[in-house]
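Here are the chains, one letter per residue:
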Amino acid sequence: MEIDFAQMIFAITNFIILMIAMYFLMYKPLKQTMDKRQDKIKGEIETAEQLKADADQMKAEITAELAKSRETAQEIIVRAEKTAEVQKDEIVLAARAEAQKMIDKAHAEIREEKEKVLGEIRDEAATLAMLAASKLIERSLNDTDHKQLVDKYIEEAGEVQ
Amino acid sequence: MDVNGFYAIGAALAIGLSTLGPGIGQGLASAKALEGMARQPEIIGDLRTNMLICLAFMEALAIYGLVFAFMLFGKIA
Amino acid sequence: MDAVMQVASSEGVHYLAGGHTLWEASAYGFNFSFTMGLTKWMVVFWGVMLFMIIAGTIGARKKALVPSGWQNFSEWTYGGLSNFFSKMIGPHLGKTFGPLLVTFFIFILLSNYSGMLPLNFSMDEGTLSLSNLQAPTSVFSVTAGFALIVFFCTHFAGFKENKLRYFKFFVSPIAFMLPFTIIDVVIHPFTLALRLFGNIHGEETVVEQLMQLSVFVNGWAPAIIEVLGMLFGLIQALIFSLLAAIYISEAAEHF
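Report follows, based on the coordinates.

**Brief notes about the overall build of chain A**
Right, so step 1: When its secondary structure is counted, chain A shows two helices and one strand.
Right, so step 2: The order of helices and strands in chain A, counted from the N terminus, is β-α-α.
Right, so step 3: Across its three principal directions, the C-alpha atoms of chain A cover 190 × 25 × 20 Å.
Right, so step 4: Per-residue burial over chain A gives 16% buried out of 161 residues.
Right, so step 5: Carbon and sulfur atoms make up 60% of the accessible area of chain A, which amounts to about 13,000 Å² in all.
Right, so step 6: Measuring between centres, the 24 positive side-chain charges of chain A sit 5 Å from its 33 negative side-chain charges.

If you want it as structure tokens, here you go:
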């Protein structure tokens, strides 16, 4: 077993030189690079998380918005249906009223026409009767008197009817 | 008798005998460590490091014998 | 006896330049000396240093946000190791001692592997022969120097974290424990150095011995050991830096 102190000093000094050289040439720059990368990755992860949180929030907002608009649309539809129902009822009612009115008017017209026709027929009948009577009695009567007479008869006849 | 022969025998005995104890000890230690590793594979890293340290301490004994063998070798003229 | 002689001769240090011993002493089987000179493993040491610095600089030069190629590899290496040690000793200590431990790991790993490069040219009686380089970590002086760095860092960390209370640790439960804790403090870096040296030197010796054996086809038998050596080199590098980290964190967290 040989221990040479000169060799020992050689080993110690050279090792310390090596350590210092390695520290400044390798460890320190490598550590800086690694730390920088770590910081960058950390920052990027934070940014990504922030973005994700933003996206989540936006998604929630959009979902809420969508639900709200869907609700609104539903409301609008319901309201429109109600309105349509009301309108339909109104229209139907109006149409029915119109129809009733037309029917009434038609009835009235018919009645009027009937009256008119009946009046004409009565006049015609009176004239015919007057002609027939004047022919029968050969006597010309005052036109106005005749008419009054005939009207009286016809009225009587109408009452009898 | 030549004294060099005694040095040679002494060196051989030093390294030969000094390996017996550490050999058995290291065998037992590594057997137990492997058993532990097989039982709990999740702590293999820790076990391996500790096993190496234990083996190093045991190995030191064998190394003492080796060093003495070297010293005796050095005395052979 | 031939093989034994080979090992013995490999213990001797061959100097490329210089090599005059200024001081020498011997105690407890250890030969202490102070020799000024350039050895082959010092060149390997500088080679590994140069490789690390150049590779690291190239890896860190390009500061691309999306790493690729060599940059990616250096970031993976540095980031992985630095995280590993920071997790082990805490982020506060990891900031101070992270570079030391990472450099220890990479340097010891590359040193261990440099011992497998067959780039050792030597002229033997007129014929050029190639053999494996001597790894710097297979020299006890180097591993002892590394252990000394760990020793100082350990107590520096302990003193920095606990101030004067740190010395209370040595007499922690009772004053009676003082000799034992001191032995502990000395033994820790000593075993650290011995473990690394013994493993790498032992592996290199085995490869060298197998090279000498002509029983196997030359080169194949050492190759098998060198595959194991790859694994051992990695494990030893890991264990050295891991234990250094544990000693440092232990010293720093006394109270």
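**Remarks on the overall build of chain B**
Right, so step 1: When helices and strands are counted, chain B shows three helices and zero strands.
Right, so step 2: Helices (α) and strands (β) of chain B occur, in sequence order from the N terminus, as α-α-α.
Right, so step 3: Over its C-alpha trace chain B gives a radius of gyration of 17 Å, far above what one expects of a compact globule, namely 11 Å for 77 residues.
Right, so step 4: Across its three principal axes, chain B shows a C-alpha extent of roughly 60 × 15 × 10 Å.
Right, so step 5: Across the 77 residues in chain B, those meeting the buried criterion constitute 30%.
Right, so step 6: Residue pairs at least 24 apart in sequence account for 79% of intrachain contacts in chain B once pairs closer than 6 positions are excluded.
Right, so step 7: Accessible area for chain B stands at about 4,500 Å²; split by element, carbon and sulfur atoms hold 71% of it.

**Side note on the sheet that holds strand β1 (residues 2-4) of chain A**
Right, so step 1: A sheet is described by the order of its strands in space; here three strands give the open sequence β1(A)-β2(C)-β1(C), paired in mixed fashion. Whereas interior strands pair on both sides, the edge strands pair on one side only; in this sheet they are β1 of chain A together with β1 (15-27) of chain C. Taking each pair of neighbouring strands and ignoring which way they run, the sheet shows an average axis angle of 35°.
Right, so step 2: Pairing of β1(A) with strand β2 (residues 30-39) of chain C involves three bridges; the strand directions are parallel. Counted as the bridge partner of A:Glu2 is C:Asn31 from β2(C).
Right, so step 3: Taken strand by strand, helix α2 (residues 40-61) of chain C contacts β1 and β2 of chain C, and its axis lies near 65° from that of β2(C).

**Description of the interface of chain A and chain C**
Right, so step 1: Residue-level contacts link 30 residues of chain A with 51 residues of chain C.
Right, so step 2: Buried surface at the junction of chain A and chain C, summed over both partners, amounts to about 3,900 Å²; 74% is from carbon and sulfur atoms.
Right, so step 3: Inspection of the region where chain A meets chain C yields one salt bridge.
Right, so step 4: Across the salt bridge formed by C:Glu75 and A:Arg37, the nearest N and O atoms sit 2.8 Å from each other.
Right, so step 5: Inspection of the region where chain A meets chain C yields 10 residue pairs in polar contact (both at pLDDT 80 or more).
Right, so step 6: Elements that contribute at least two residues to the side of chain A that touches chain C include exactly β1 and α1 (5-137) of chain A.
Right, so step 7: With 26 residues, the single largest contributor to the side of chain A that touches chain C is α1(A).

**Concerning the interface of chain B and chain C**
The parts lose accessible area when they come together, and the size of an interface is often stated as this lost area.
Right, so step 1: With 17 residues of chain B in contact, the opposing surface of chain C contributes 27 residues.
Right, so step 2: Summed over the shared surface of chain B and chain C, the number is zero salt bridges.
Right, so step 3: Taken together, the links from chain B to chain C amount to three residue pairs in polar contact (both at pLDDT 80 or more).
Right, so step 4: No other element matches helix α3 (residues 44-75) of chain B, which puts 14 residues into the side of chain B that touches chain C.

**Observations concerning the pairing of β1(C)**
All names here are of chain C.
Right, so step 1: The sheet contact formed by β1 and β2 spans 10 bridges and is antiparallel. The residue of β2 that forms the bridge with Ala27 is Phe30.
Right, so step 2: In textbook terms, the turn of a hairpin is the stretch between consecutive antiparallel strands, and for β1 and β2 this stretch comprises two residues, one of which, Tyr28, has a positive phi near 50°.

**Remarks on a positive patch on the surface**
Right, so step 1: A cluster of basic residues, C:Lys160, C:Lys163, C:Arg165 and C:Lys168, forms a positive patch at the surface.
Right, so step 2: The residue C:Lys168 is located in the loop between α5 (140-162) and α6 (178-212) in this model.

**A short note on the packing of aromatic side chains**
Right, so step 1: Taken as a whole and judged by the stated rule, the model has 24 aromatic pairs over all chains.
Right, so step 2: Summarising the aromatic geometry, the rings of A:Phe15 and C:Phe107 are spaced 6.1 Å apart at their centres and angled 75° between planes, so their arrangement reads as edge-to-face. Placement of the pair is A:Phe15 in helix α1 and C:Phe107 in helix α4 (residues 91-114), with the two residues belonging to separate chains.
Right, so step 3: Taking 5.6 Å as the distance between ring centres and 75° as the angle between the ring planes, the aromatic pair formed by C:Phe151 and C:Phe152 counts as edge-to-face.
Right, so step 4: Since its relative accessible area comes to 53%, C:Phe152 is described here as exposed.

**Observations regarding the pattern of salt bridges**
All names here are of chain A.
Right, so step 1: Inspection of every chain in the model, using the stated rule, returns six salt bridges over all chains.
Right, so step 2: With a shortest N-O distance of 2.6 Å, Lys40 and Glu44 are connected by a salt bridge. In this pair, Lys40 and Glu44 are both assigned in helix α1, four residues apart and thus about one turn of the helix distant.
Right, so step 3: Assessed through its relative accessible area of 38%, Lys40 is described here as partly exposed.
Right, so step 4: Residue Asp56 pairs with Lys52 through a salt bridge whose shortest N-O separation is 3.7 Å. Note that Asp56 and Lys52 are positioned in helix α1 at a spacing of four residues, about one turn of the helix.

**Brief notes about the packing of α4(C) against α5(C)**
Two packed helices can be described by the angle between their axes and the distance between those axes.
Residue and element names in this part refer to chain C.
Right, so step 1: Look at α4 against α5: their axes get within 12 Å of each other, and the N-to-C directions meet at 175°. In terms of their interaxial angle, α4 and α5 are classed as roughly antiparallel. Contacts from His92, Leu93, Thr96, Phe97, Leu100, Phe104, Phe107 and Ile108 in α4 reach Phe146, Ile149, Val150, Cys153, Phe156, Ala157, Lys160 and Glu161 in α5.
Right, so step 2: Each residue belonging to the contact of α4 with α5 can be placed in one class, and the counts come to 12 nonpolar, two polar and two charged.

**Observations regarding the pairing of strand β3 (residues 120-124) of chain C**
All names here are of chain C.
Right, so step 1: Of the strand pairs in this sheet, β3 and strand β4 (residues 127-131) are connected by five bridges, and their pairing is antiparallel. In the strand pairing of β4, Met123 is matched with Leu128.
Right, so step 2: Here β3 hands over to β4 after two residues, with Glu125 in that stretch at a positive phi of 50°.

Analysis parameters
- Residues numbered from 1 in each chain as written.
- Chains lettered and ligands numbered in written order.
- Predicted model: local features only at pLDDT ≥ 70, side-chain atom pairs only at ≥ 80, totals over all residues.
- Heavy atoms only, no water.
- Helix = DSSP H or I, 4+ residues; strand = E, 2+ residues; numbered from the N terminus.
- Buried < 20%, exposed > 50% of the residue type's maximum accessible area, 1.4 Å probe, protein only.
- Areas by Shrake-Rupley, 256 points an atom, 1.4 Å probe, with all protein chains shown as cover.
- Lys, Arg positive; Asp, Glu negative; His and termini not counted.
- Charge placed at Lys NZ, Arg CZ, Asp CG, Glu CD.
- Rg over C-alpha atoms; globule rule 2.2 N^0.38 Å.
- Contact = heavy atoms within 4.5 Å.
- Pairing = 2+ DSSP bridges.
- Axes fitted to C-alpha atoms, helices over the stretch in contact; angles between N-to-C directions.
- Buried area = accessible area lost by both parts, 1.4 Å probe.
- Salt bridge = Lys/Arg side-chain N within 4 Å of Asp/Glu carboxyl O.
- Polar contact = N/O pair within 3.5 Å; in protein donor to acceptor, adjacent residues only side chain to side chain.
- Patch = residues over 30% accessible without salt bridge, like charges linked within 9 Å, V, L, I, M, F, W, Y side chains within 5 Å.
- Phe/Tyr/Trp six-rings, centres within 6.5 Å; stacked < 30°, edge-to-face > 60°.
- Parallel < 35°, antiparallel > 145°, perpendicular 65-115°, else oblique.
- Nonpolar A, V, L, I, M, F, W, Y, C, P; charged D, E, K, R; others polar.

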